[in-house]
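Geometric and topological summary
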Amino acid sequence: MPRFTFAQVKEETYKAKDAWWTVFLVDPLAGRLVVWTANRTDITPNQLTAGAGILGLLSAVGFAMPASGIGAEWAWLVAGALLFHLSFVLDCMDGKIARLKGTGSVFGTWVDFVFDRIRFFMCVMALLVGQWIVTGQAAYLIAAPVIVFFDLLRYLNGSQVAKTRRGMNRSLAELVGDTDRLRADAAAGPGDASPEDDAMSDAPGRVDAPAPRGIYGRARAFLLRHRVRPHLFSGIEYEMFLCVVAPITILLSLFTPVHSLILPIAVFSILALGFFEVVLVYRLWKDTRRFEERRRELIAAGAVGAGATLGGS
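Our subject in this report is the structure included herewith. For clarity, every value in this text was computed on a predicted model and none was experimentally measured. Per chain, the residues get numbers from 1 upward, laid out in the order the sequence is written. It should be noted that, the model being predicted, local features are given only for residues of pLDDT at least 70 and side-chain atom pairs only at 80 or more, the latter also being counted only at that level, while totals for whole chains, interfaces and linings use all residues. Values reported for side chains reflect all heavy atoms of the structure, with hydrogen atoms and water molecules removed beforehand.

So, the state of the cysteines
- The definition used for a disulfide is geometric: two cysteine sulfur atoms within 2.5 Å. In total, this model carries 0 disulfides according to the counting rule given.
- With no disulfide of its own, C123 lies closest to C243 among cysteine sulfurs, the gap being 5.4 Å.

Focus on the packing of aromatic side chains
- For Phe, Tyr and Trp, where Trp contributes only its six-membered ring, two rings pair if their centres lie within 6.5 Å, and the inter-plane angle classes them as stacked under 30 degrees, edge-to-face over 60, or tilted in between. Considering all chains together, one arrives at 12 aromatic pairs under this definition.
- Each ring, one from W20 and one from F241, has its centre 6.4 Å from the other, and the planes form 85°; the classification is edge-to-face. Residue W20 is found in helix α2 (residues 20–25), and its partner F241 is found in helix α10 (residues 235–248); the two are separated by 221 residues along the sequence.
- Residue burial is assigned from relative accessible area. The probe radius is 1.4 Å, only protein chains are included, and a residue is buried under 20% of its type maximum, exposed over 50%, and partly exposed in between. Judged by its relative accessible area of 24%, W20 falls in the partly exposed class. Segments assigned H or I by DSSP are reported as helices when at least four residues long, segments assigned E as strands when at least two residues long, and all are numbered from the N terminus.

Some thoughts on the pattern of salt bridges
- For this analysis, a salt bridge means a side-chain nitrogen from Lys or Arg found within 4 Å of a carboxyl oxygen belonging to Asp or Glu. Per the counting criterion, the structure on display carries 11 salt bridges.
- Linking K96 and D27 is a salt bridge whose minimum nitrogen-to-oxygen distance equals 3.0 Å. Taken together, the positions of K96 in helix α5 (residues 73–101) and D27 in helix α3 (residues 27–40) put the pair 69 residues apart, joining distant regions of the chain. Take K96 and D27: they sit in the same class, and that class is buried.
- A salt bridge links D27 to R227, with the shortest nitrogen-to-oxygen separation between them at 2.9 Å. One end of the pair, D27, is in helix α3; the other, R227, is in the loop between α9 (214–225) and α10, and 200 residues separate them in sequence. Each member of the pair D27 and R227 is classed as buried.

Here it is in structure tokens:
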């Protein structure tokens, strides 16, 4: 009998909150592939990461090939988009296999991160430079560094936001003497915290949160019930819109005078990511104010760790 079941994969490897692209377009396939891979092979997470890198390289080749004039442009771009998506499926599988079998490693986490960045940079540059050669439009070259800048910005901002949120929760846990939370925080890896999580939503010593009110509250509750982060345009959607949705719009050229919507989608992706990063920072600012207020209340009430401060450098 199989050792692992799909229900077990969902229970042990699916994140409580994830990007909507992952929840609806990746997990249904990746989860089932994980069951087959875990039960029938000895493939390791690092091997899956390498496979994702190879598919990413082939995707970049597909994006660049229209510049060679060989074959149909639309076929190359669609193939590149599909290969990029499959590369992301494998990339999601490596983490699930690691969590399911307990075979993850610190070095594997580093490899996964570095390969992700190389894959995206390689594919988006191949797409944009290739389209510049095909169309002669300098806008593709102008878009390239802007796209890369926003990708780097969201990574830098995300890591710092997650670090600050984690520090606030740790500080409150010290104030109320919540040793269980402190142990869980010490055991968690740096990648376990998500910048999109609410730092104060389950903070120690906080009273039960009120029921969601208004359109935003109800919409947020609906998304969370389906494991979807309210942060609707994260780095995952950014990459997928640029390297999957945008190149597929070349199909418009088969039926209309429009060549593609690669540049409009690139502009939309930059604006959407920028908007949600601003929202992320605004929410962090609100949470820091609530943190300071809660911390003062706990100190005034004589909390056990009155000397606790928010760590960080």
